[in-house]
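What follows is each chain in one-letter form.
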Amino acid sequence: MKNLLETLRIGLLRSQIELKQFMRQRESVVFTLFFPVILLFIFGTVFKDTIAPGVTFSQYFVAGMIASGLVNTGFQQLAITIPMERDDGTLKRLRGTPMSVSSYFIGKALLVTFLMIIQTAMLLFFGSVVFDLNLPTDLMLWWNFTWLVLLGSACSTILGIAFSVVPKSGRGASAVVSPIVIILQFFSGVFFVFTSLPSFMQQLAAIFPLKWLTQGMRSVFLPEEFATQEVAGNWELGKTAIVLSIWLILGLLFAVKKFKWSRE
Amino acid sequence: MRADAAIEVQGLVKRYGSKNAVDGIDLTVESGEIFALLGPNGAGKTTTVEILEGYRTATSGKVEVLGFDPATTGNSGQRWRNQIGIVLQSTSDAADLSVFETISHYANYYENPRNVEQVIDEVGLREKINSKARQLSGGQRRRLDVALGIIGSPKLLFLDEPTTGFDPEARRSFWELIKVLKAEGKTILLTTHYLDEAQALADRVGVINNGKIIEIATPETLGGRNNAPAKVTWLENGTKQQLLTKDPTIEVIKLNQKFGGSIPELEVLRPNLEEIYLKMIGELK
C-alpha cells in the first residue's frame, strides 16, 4: 500500500515535470496541442455546407477532431517523444534511479489526459463560438463523452508507449509514426463521412480504436436519428467500450514486457 | 564474497554472439576508494561498468554491488538504486528544465535525498541555478550530471568518462569536486581515457584489454613504473646528454662531482602513467 501511494505520488510529480517540458517546446504546443483547432478552422471555413438539414459539416468534423486529437496527443506524441527520450539519455538516467516504471507510465498518462482536456475544451469553445457547433444538452451524452475521452486517452497513451519500441531512433520516429496516424484518420472517417468510404477501408478501420472513438464521438454530437446511417444502424457504444478495452489491455501487456530503455 | 567491499566481481563473462566482450573479470573495489578503470575503446570497459550499474545482465560470473546483484528488480532493486549514483556518458536530456527544477525533481525519487541547494553549491552551479540545461556549457552540463548522481546521497558513485571535452581549467576544478566527494566517504568507480586524471584521482587503477583485466595497481606502481629505469638528461659541452638508470640518485651525485657543482639543465624523468599504459596495451595487441 505504501509502495502504491509512493508510485502514484512520483507519477503525479512526473506528470508535472512532463507538462512543464511539453509547454516549453513551442513546436509541440503548436503541432500537438493546437493542431486539431487549426484543422477545425481550415475545414470549418472551407466546408460551409450542411450534411443534413440543420447539421453542419463542422458538427460532423468536431466529433472526428476530438477523436483524432486523442490519437495525436497520446499515440502519436508518445511514439515520437519516447524514442527521443531514449536517444537523449532521459530513459537511461531514469532507469538508474529508484523511480518505478509504473510512475513513468502514470506520468505520461496524466500528461496526455491533461492535454486532452485543454484540447477538447478549445475545440468545443471555438466550435460553438465560431462554427455554430451545437453542444449536447442531454446529461447522458455528456457522460458518454466523458468516458470516451478518458478511455480513449488511456488507450492512446498505452499504445503510444507500446509503439515507441518500433522507431529505431528519435530522429526517424516522426517519419514512422505520422503516416500511420494520417492513413488511420482517413480510413476511420475523421475527414470524410465514414459510410461513404470503400468497404475494405471500413473493415480495416474497424480493427483499430480510432474508428470506434470517432463513431462514439458522433453519437455525442450528431442528432440521434443519424444512428441509422452508421454501418451497424446504431452507435454501437457497448462494442466501442469493448474494442477500446481490448486494445488497452493488449497494449499494456506489450508495453510492460517490451518497453525499451536504451537503443541496444 | 566479501561483505565489506563495495564491488565484488568474480569470473564475469559477457558474451555477444560468439565473442566474449568481457572474458572472465575478477575485481574488488573497497569501500571509500576511488577506483579507475582504464582501457582502450572496445576493451570491455563500458560493458563491465554497465553490468555493475544494472543496465546489462552478465552471461556468467558473480557480481555484487553493495551486497546486491545489480540485475535485481522490484523492491530490492529499488532499495539498491537508492544507494547508488550514476553519472552517464554525454547526455542531453531535460534540456528545457532549469538546473534547480531538474535536481529538485530527481531528489523526489530517493529515500534520503540530500539538500538540493547544498548540492547545487557543491557542484558549483549556484550562478546557473535558473538556467535551462540547454544553455549550460559542456563543463556545467557535466556538473549537473554529477549533481543528479549525488542527489540521492549514494554510497557508491559511477563516473563514466566525466571530463571528456573539458578545457584544462574545467578539468582541474572538476577533480577538486571529486576529491570533496571522496572526503565525504563515497566509493567511486571512474572510467576515463585521461591517464593524468587517473593519476590525480585514483587510489588504484585497473587496466582492461580484450575483455580481461591485465593489471590492478596503484597509479605509482602500475606496470612496474616505480622500478622502471629513469632517464637522466643534462647539458655537457654544448650538447644534450642522457642515460637510463635504475638509480638516478647515484648518477646525479656522480655528475655533481664531475661538474664540481650544479649540473646544467639537469632533468630526471620517470616514465609517466600514460607511457606505461600505452606499453601495456600495446604489448597485448
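Source: prediction; values computed, not measured.

## Describing the overall build of chain A
Then, number 1: Check the secondary structure of chain A and you find 11 helices and two strands.
Then, number 2: Helices and strands in chain A line up, N terminus first, as α-α-α-β-β-α-α-α-α-α-α-α-α.
Then, number 3: A compact globule built from 264 residues should have a C-alpha radius of gyration of about 18 Å, and chain A, at 19 Å, falls within 12% of that.
Then, number 4: For chain A, the spread of C-alpha atoms along the principal axes amounts to about 60 × 40 × 35 Å.
Then, number 5: Split into buried and exposed, the 264 residues of chain A put 43% on the buried side.
Then, number 6: Counting contacts in chain A only where the partners sit at least 6 residues apart, residues at least 24 apart contribute 83% of the total.

## A word on the domain arrangement of chain B
Residues and elements named next belong to chain B.
Then, number 1: Entries for chain B in the domain assignment read domain 1 (5-223) and domain 2 (227-283).
Then, number 2: Of note, the centres of domain 1 and domain 2, computed from C-alpha atoms alone, are 38 Å apart.
Then, number 3: Taken together, the contact between domain 1 and domain 2 spans 12 residues of the former and seven residues of the latter.
Then, number 4: At the level of secondary structure, the elements contributing two or more residues to the side of domain 1 that touches domain 2 comprise α7 (195-201), β8 (204-209) and β9 (212-217).

## With respect to the sheet that holds strand β3 (residues 34-38) of chain B
All names here are of chain B.
Then, number 1: The six strands lie next to each other as β5-β6-β7-β3-β8-β9, forming an open sheet whose pairing is mixed. Across the chains shown, the open sheet's two edge strands, defined by having one partner strand only, are β5 (84-87) and β9. Direction aside, the axes of adjacent strands within the sheet are offset by 15° on average.
Then, number 2: Summarising the sheet, β5 and strand β6 (residues 156-160) pair through four bridges and their orientation is parallel. Opposite Val-87, over in β6, you have Leu-159 as the bridge partner.

## Here's the deal with the interface of chain A and chain B
Then, number 1: Listed by partner, the interface residues are 19 residues for chain A and 19 residues for chain B.
Then, number 2: Listing elements by their share of the side of chain A that touches chain B, those giving two or more residues are α1 (2-23) and α5 (90-95) of chain A.
Then, number 3: Top element by residues in the side of chain A that touches chain B is α1 of chain A. It accounts for five residues.
Then, number 4: Partitioning the side of chain A that touches chain B into residue classes produces five nonpolar, eight polar and six charged.

## Some remarks on the nonpolar core
Then, number 1: Core analysis: the largest hydrophobic core is formed by 121 residues, its most contacted members being Val-62 and Ala-63 of chain A together with Ala-36, Ala-147, Leu-189 and Leu-190 of chain B.
Then, number 2: Examining the composition of this core, we find that 14 residues originate from one element, helix α4 (residues 57-88) of chain A, more than from any other.
Then, number 3: Shared between two domains, this core holds at least three residues of each, these being domain 1 (5-223) and domain 2 (227-283) of chain B.

## Side note on the environment of Arg-14 of chain A
Residues and elements named next belong to chain A.
Then, number 1: Inspection of the secondary structure puts Arg-14 in helix α1.
Then, number 2: According to the C-beta neighbour criterion, Arg-14 is buried, with 23 such atoms within 10 Å.
Then, number 3: A sequence separation of 90 residues divides Arg-14 from Tyr-104, and the C-alpha atoms of the two residues are 6.8 Å apart.
Then, number 4: Beyond its immediate sequence surroundings of up to four residues, Arg-14 is in contact with Ser-103, Tyr-104, Ile-106 and Gly-107.

## Description of the confidence of the model for chain B
Residues and elements named next belong to chain B.
Then, number 1: Predicted confidence across chain B gives a mean pLDDT of 90, with 98% of residues reaching 70 or more.
Then, number 2: Here helix α9 (residues 273-283) stands out as the element of chain B with the lowest mean pLDDT, 81, in contrast to helix α3 (residues 99-107), whose mean of 96 is the highest.
Then, number 3: Across the assembled chains, the prediction reports ipTM 0.88 with pTM 0.87.

## Observations concerning the sheet that holds strand β12 (residues 267-269) of chain B
All names here are of chain B.
Then, number 1: Spatial strand order, β11-β10-β12: three strands in an open sheet with antiparallel pairing. Only two strands of the sheet have a single neighbouring strand rather than two, namely β11 (239-245) and β12. Neighbour-to-neighbour, the strand axes of this sheet turn through a mean angle of 20°, independent of strand direction.
Then, number 2: Alignment of strand β10 (residues 230-236) against β12, held across three bridges, turns out to be antiparallel. Among the inter-strand pairings, Val-232 is bridged to a residue of β12, identified as Val-268.
Then, number 3: Taken strand by strand, helix α8 (residues 248-259) contacts β10, β11 and β12, and its axis lies near 15° from that of β10.

## Quick notes on the environment of Thr-48 of chain B
Residue and element names in this part refer to chain B.
Then, number 1: Tracing the sequence through the fold places Thr-48 in helix α1 (residues 45-52).
Then, number 2: Remark: the alpha-carbon pair of Thr-48 and Val-9, spanning 39 residues in sequence, is separated by 9.8 Å.
Then, number 3: Apart from residues lying up to four places away in sequence, Thr-48 is in contact with Leu-12, Val-22, Ile-25 and Ile-208.

## Examining the packing of helix α7 (residues 139-163) of chain A against helix α10 (residues 209-221) of chain A
All names here are of chain A.
Then, number 1: As a packed pair, α7 and α10 sit with axes 9 Å apart at the nearest point and diverge in direction by 160°. By the angle between their axes, α7 is roughly antiparallel relative to α10. α10 is crossed by α7, and the crossing has left-handed handedness. Touching Leu-141, Asn-144, Phe-145, Leu-148, Gly-152 and Cys-155 of α7 are Pro-209, Leu-213, Gly-216, Met-217, Ser-219 and Val-220, all from α10.
Then, number 2: By residue class, the composition of the contact of α7 with α10 is eight nonpolar, four polar and no charged.

## Some thoughts on the packing of α4 of chain A against α10 of chain A
All names here are of chain A.
Then, number 1: One can describe the packing of α4 onto α10 by two numbers: an axis separation of 8 Å at closest approach and a directional angle of 140°. Taken together, α4 and α10 sit at an angle that is classed as oblique. The handedness of the crossing between α4 and α10 is right-handed. Along its contact with α4, which presents Gln-59, Val-62, Ala-63, Gly-64, Ile-66, Ala-67, Ser-68, Leu-70 and Val-71, the element α10 presents Leu-210, Leu-213, Thr-214, Met-217, Arg-218, Val-220 and Phe-221.
Then, number 2: Taken together, the residues of the contact of α4 with α10 break down into 11 nonpolar, four polar and one charged.

## Concerning unusual backbone geometry
Residues and elements named next belong to chain B.
Then, number 1: Not every positive phi belongs to a glycine, and Asn-210 is a case in point at roughly 50°.
Then, number 2: For Asn-210, the location among the structural elements is in the loop between β8 and β9.
Then, number 3: Positive phi values are uncommon outside glycine, yet Glu-265 reaches one of about 50°.
Then, number 4: With respect to the helices, strands and loops of the structure, Glu-265 is situated in the loop between α8 and β12.
Then, number 5: Take Glu-265: there are 11 C-beta atoms within 10 Å of it, and that puts it in the exposed class.

## Description of the pairing of β9 of chain B
The side chains of a regular strand alternate, first on one face of the sheet and then on the other.
Then, number 1: Direction of pairing for β8 of chain B relative to β9 of chain B: antiparallel, over a ladder of five bridges. Looking at β9 of chain B, one finds that Val-207 of chain B is bridged to Glu-215 of chain B.

Thresholds applied
- Residues numbered from 1 in each chain as written.
- Chains lettered and ligands numbered in written order.
- Predicted model: local features only at pLDDT ≥ 70, side-chain atom pairs only at ≥ 80, totals over all residues.
- Helix = DSSP H or I, 4+ residues; strand = E, 2+ residues; numbered from the N terminus.
- Rg over C-alpha atoms; globule rule 2.2 N^0.38 Å.
- Buried ≥ 20, exposed ≤ 12 C-beta atoms within 10 Å, placed from the backbone.
- Contact = placed C-beta atoms within 7 Å.
- Domains from an automatic or database assignment.
- Pairing = 2+ DSSP bridges.
- Axes fitted to C-alpha atoms, helices over the stretch in contact; angles between N-to-C directions.
- Nonpolar A, V, L, I, M, F, W, Y, C, P; charged D, E, K, R; others polar.
- Core = buried A, V, L, I, M, F, W, Y, C linked by C-beta atoms within 7 Å.
- pLDDT = per-residue confidence, 0-100.
- Parallel < 35°, antiparallel > 145°, perpendicular 65-115°, else oblique.
- Left-handed = near helix turned anticlockwise from the far one by under 90°.

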